[in-house]
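Residue-level structural notes
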Amino acid sequence: MLGNTFGRIFRITAVGESYGIGKGSGLAVIIDGVPPGLALTDALIQEELDKRRPGVGKLNSPRLETDQCSIFAGIGQDNVTTGAPVGIIIYNVDTQDLHVDQYRQYKDLCRPGHATYCFYKKYGRHQDWCGAGRASGRETAARVAGGAVAKHILAKEGIDLISYTIQCMDIKAKEMTFAEAKKNYRKNEINCPDLEAAEKMEKRVLEIKDQGETAGGVLELRINGVPAGLGEPVFDKLSSLLGHALLSIGAIKGIEFGAGFNVGNMLGSECNDEFCEKDGSIGFKTNNAGGLLGGISNGDEIVVRLAVKPTPTISVTQDSVNMPKMQIEKLEPITRRDPTLLGRIYSVVEAMTAITLVDALMMARGYDNVCRIENTWREI
Ligand SMILES: Cc1cc2nc3c(=O)[nH]c(=O)nc-3n(C[C@H](O)[C@H](O)[C@H](O)COP(=O)(O)O)c2cc1C
């Protein structure tokens, strides 16, 4: 399997499976590029992991993973990073035989909408059939642990980011500013800052859950405090790096920046964000660009929206494939799942965004420093 490392200077390598029914059972992340002198504790990482943790409410999977993390490398005395790679481990604890047996019973049948069919085609009979292996949402706990370190670095840079639900099925939240959304951030299970809409969304998800179904939705991501100039103009646009990071999360099916797909219905004069004076400097009257022009941050808030598909595992009988026989058979999955991914997946979105931003900052500053050295040399 390839592609378990993300980032160029600030880089995470993530390992681990849903159940890991072989010898080991856990997830780990190795983070390269962590600066020395950063205060880092298990508790700080845990705070982020607890946002993603299953088994804590009626809207998420009943799988009882405590997601207790332990930093096992890269910190010295007084819990301060040494500059060495940071390693964090999270053991899987809820891997009871009952659930493993359920997966074993259905291991030849793929779950429609899940990655099992493609895994079988790609890895053959050795693919991990238990809980979808590395195609499981469980994999994302390692990303969240890595993202917690990145967020810690960003906080020192004055960069703040949040992701939250703005739509679940046909129920939409009202538009909000960053400050308004932050005020009601994580105030309910579905993490929708419009409290009235959140109530309706949660009710709808529970109705859908009772039918053995699952619900889709839309997340918003807002990033505050990114200085103008981050991102490279051609292949490494900040928008394309964020696209890579966010579309690598299972179940994220669409991404838009600023006005996004609405640009298809706009005139140039409506779409262009006119300049104005703001707080004693240059700003924009509107933010249809979503804070990015030419793939480079323009100093305004970065605004991204993400489509989240309904959890593929459902309790409704569907046509599936018996993979070794390659014949169509019926499947009614009985395994545990989230009735909607909205109440957990935002934590992965925040983590991947933070990792991308720290990496982009390190790339930019590395380049700037080399340029400065060259200029100095030329001047001499
Ligand atoms: C945090 C998180 C939790 C998830 N939980 C489940 C789950 O309980 N059941 C399920 O079928 N899919 C779950 N998924 C979605 C699958 O991992 C994903 O749909 C699958 O790998 C197929 O990939 P695709 O939807 O991107 O095509 C979860 C994803 C994330 C990010």
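Residues numbered from 1 in each chain as written. Predicted model: local features only at pLDDT ≥ 70, side-chain atom pairs only at ≥ 80, totals over all residues.

Description of helix α1 (residues 42-52)
For α1, the complete set of buried residues consists of Ile45, Glu48, Leu49 and Arg52. Projected down its long axis, α1 carries its buried residues within an arc of 100°, all on one side. Away from its buried face, by an angle of more than 90 degrees, α1 presents the exposed residues Ala43 and Glu47. (Buried ≥ 20, exposed ≤ 12 C-beta atoms within 10 Å, placed from the backbone. Helix = DSSP H or I, 4+ residues; strand = E, 2+ residues; numbered from the N terminus. Arc of directions from axis to C-beta.)

A look at the nonpolar core
Formed by 77 residues in total, the largest nonpolar core has its most connected members in Ile88, Ala145, Leu219, Val349, Ile355 and Val358. The dominant element in this core, judged by the number of residues it contributes, is helix α9 (residues 342-379), at 13 residues. Those residues in contact with Leu219 that sit more than four places away from it in its chain are Ser163, Tyr164, Thr165, Ile166, Arg305, Leu306, Val308, Leu342, Tyr346 and Val349. (Core = buried A, V, L, I, M, F, W, Y, C linked by C-beta atoms within 7 Å. Contact = placed C-beta atoms within 7 Å.)

A short note on the pairing of strand β3 (residues 26-32)
Examined bridge by bridge, strand β2 (residues 11-16) and β3 share six bridges and lie antiparallel to one another. Residue Gly16 lies in a different strand from β3, and its bridge partner there is Leu27. Bridge count for β3 against strand β5 (residues 86-91) is six bridges, and the pairing is antiparallel. In the strand pairing of β5, Ile31 is matched with Val86. (Pairing = 2+ DSSP bridges.)

Let's talk about the confidence of the model for the protein
With 95% of its residues at a pLDDT of at least 70, the protein reaches an overall mean of 92. The low-confidence segment residues 376-380 (pLDDT under 50) makes zero contacts with residues lying over four places distant or belonging to another chain. (pLDDT = per-residue confidence, 0-100.)

Let's talk about the sheet that holds strand β1 (residues 5-6)
With antiparallel pairing, five strands are arranged side by side in an open sheet as β1-β2-β3-β5-β4. The two strands at the open ends of the sheet, each matched to only one other strand, are β1 and β4 (69-73).

Looking at the sheet that holds strand β14 (residues 302-308)
What the five strands build is an open sheet, ordered β7-β6-β8-β14-β9; its pairing is antiparallel. Edge positions in the open sheet fall to β7 (171-172) and β9 (252-257), since each of these has one partner strand only. Taken together, the seven bridges between strand β8 (residues 217-224) and β14 define a ladder with antiparallel strand orientation. Looking at the pairing, Leu219 lines up with Leu306 of β14. On the sheet, helix α7 (residues 238-247) packs against β9 and β14 and is oriented at approximately 160° with respect to β9. (Axes fitted to C-alpha atoms, helices over the stretch in contact; angles between N-to-C directions.)

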